[in-house]
Amino acid sequence: MDSWHISLVLLVLHIILCYCQAPLWPPCLPEESCWPSTSRIEAFKSSLTGELKKKSDADIGPLSRLMNLRYESKPALLVEALNEDDVKNAILFAREFSIRISVIGTGHDYIGRSTAKDSLMVNLSKMKSKVMKNSTEYIDYTGPAIELGVGNQWRDVYKKVDKYGYVIVGAGSQTVGMGGYTTGGGHSPIGRKFGLAVDNVLEFRIILADGGIATATKDHVIITSVNGSVINKDADLFWAVRWGRCSIWYSDNNHFQGSHTTNHLCSVPLSLSLAI
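Quick notes on the rules
- Residues numbered from 1 in each chain as written.
- Predicted model: local features only at pLDDT ≥ 70, side-chain atom pairs only at ≥ 80, totals over all residues.
- Heavy atoms only, no water.
- Helix = DSSP H or I, 4+ residues; strand = E, 2+ residues; numbered from the N terminus.
- Buried < 20%, exposed > 50% of the residue type's maximum accessible area, 1.4 Å probe, protein only.
- Contact = heavy atoms within 4.5 Å.
- Areas by Shrake-Rupley, 256 points an atom, 1.4 Å probe, with all protein chains shown as cover.
- Phe/Tyr/Trp six-rings, centres within 6.5 Å; stacked < 30°, edge-to-face > 60°.
- Pairing = 2+ DSSP bridges.
- Axes fitted to C-alpha atoms, helices over the stretch in contact; angles between N-to-C directions.
- Polar contact = N/O pair within 3.5 Å; in protein donor to acceptor, adjacent residues only side chain to side chain.
- pLDDT = per-residue confidence, 0-100.

A. Quick peek at the overall build of the protein. Looking only at helices and strands, the protein features seven helices and 14 strands. Per-residue burial for the protein yields a buried fraction of 51% across its 276 residues. Considering only residue pairs separated by 6 or more positions, the protein has 61% of its internal contacts joining residues 24 or more positions apart. Counting only carbon and sulfur atoms, one obtains 50% of the accessible surface of the protein, whose full area is about 12700 Å².

Here it is, written out as structure tokens:
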């Protein structure tokens, strides 16, 4: 690897795993008795650092709009997440009331996977942390890396790494968000020399459907549950996320395996760390 290249290593790619197993399917809709009361929604709102928007709010449109307006569907509620706790609270709230989850970053998904009518949408566009790490050590990589919130657009990332004299495997379109781009493979103008963006993933940080947090690398996964207990697993989750894009997974004896059904586990990136 050339010394000027920061291999794109996803140190911390936060992923939401939305567990859609029955009884969470079919989802609860706003006109149904299962829908949370006004007081319960207000209590949920108070638990957030970011904003909670309702379908009737005038400013929900820009926050829920995809680039391809053909697939626009208004969510019933929208969380403008500022941190992983906001995402976790949104997931747990949706599970409690069997509300469908949708997740949007920059809105560049052109086949509508970032939106769903009457869903609880989690908007990640304000999760823009950027942390340079001069030295990291993994099973097959030692060197600099950058930890990035999934709300970052590539133009922000390029400016950051350029200050340190590095380049990074990223999108040709600078307005694209790095989360979906990278987990979708990540074709780049410099990909012939350094590979796909996803080939350089080092580590994922993942918010699980039960509120636990997993840190996944190529050789192990560490899960910290809501009650604080720590569990060590093998690396299956890392490879499922790295190879899966928006694929669906199901849990079988704590192993994640490919599936083509829609009633199981689905993933959405929250933040990434890239080797550089």
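Next comes the rest of the description.
B. Inspection of the packing of aromatic side chains at higher detail. Taken as a whole and judged by the stated rule, the model has six aromatic pairs. Summarising the aromatic geometry, the rings of F44 and F93 are spaced 4.1 Å apart at their centres and angled 5° between planes, so their arrangement reads as stacked. One end of the pair, F44, is in helix 1 (residues 38-46); the other, F93, is in helix 3 (residues 84-97), and 49 residues separate them in sequence. Per residue, the accessibility class of F44 equals that of F93, and both read buried. Ring geometry for F204 against F238: centres 5.0 Å apart, planes inclined by 45°, an arrangement best described as tilted. Taken together, the positions of F204 in strand 8 (residues 203-207) and F238 in helix 7 (residues 236-244) put the pair 34 residues apart, joining distant regions of the chain. Here F204 and F238 have matching classes, each one buried. Among the aromatic residues, those joined into a ring-pair cluster are F44, F93 and F97.

C. Main features of the sheet that holds strand 4 (residues 101-104). The four strands are arranged 2-3-5-4 in an open sheet whose pairing can be described as mixed. With partners counted over all chains shown, the strands left at the sheet margins are strand 2 (51-54) and strand 4, one partner each. Across the sheet, the mean angle from the axis of one strand to that of its neighbour is 20°, orientation sign disregarded. Strands in contact with helix 1 are strand 2, strand 3 (77-80) and strand 5 (120-123); relative to strand 2, the strand with the most contacts, it is inclined by about 150°. Docked against the sheet, helix 3 engages strand 3, strand 4 and strand 5, running at close to 170° with respect to strand 5.

D. Highlighting the environment of S229. In this structure, S229 sits in the loop between strand 10 (221-224) and strand 11 (230-233). For the pair S229 and G212, spaced 17 residues apart in the sequence, the C-alpha separation amounts to 9.5 Å. Ignoring sequence-local partners within four residues, the contact set of S229 consists of I223 and T224. Among the polar contacts listed, one links the side chain of S229 to the side chain of S225, at a separation of 2.5 Å. A polar contact of 2.8 Å, which involves the side chain of S229, links it to the side chain of N227.

E. Examining the confidence of the model for the protein more closely. Per-residue confidence for the protein averages 79 on the pLDDT scale, and 79% of its residues sit at or above 70. The least confident element of the protein is strand 13 (residues 255-259), whose mean pLDDT is 31; the most confident is helix 1, at 98. Confidence over residues 246-269 falls short of pLDDT 50; this stretch has 71 contacts with residues more than four positions distant or in other chains.

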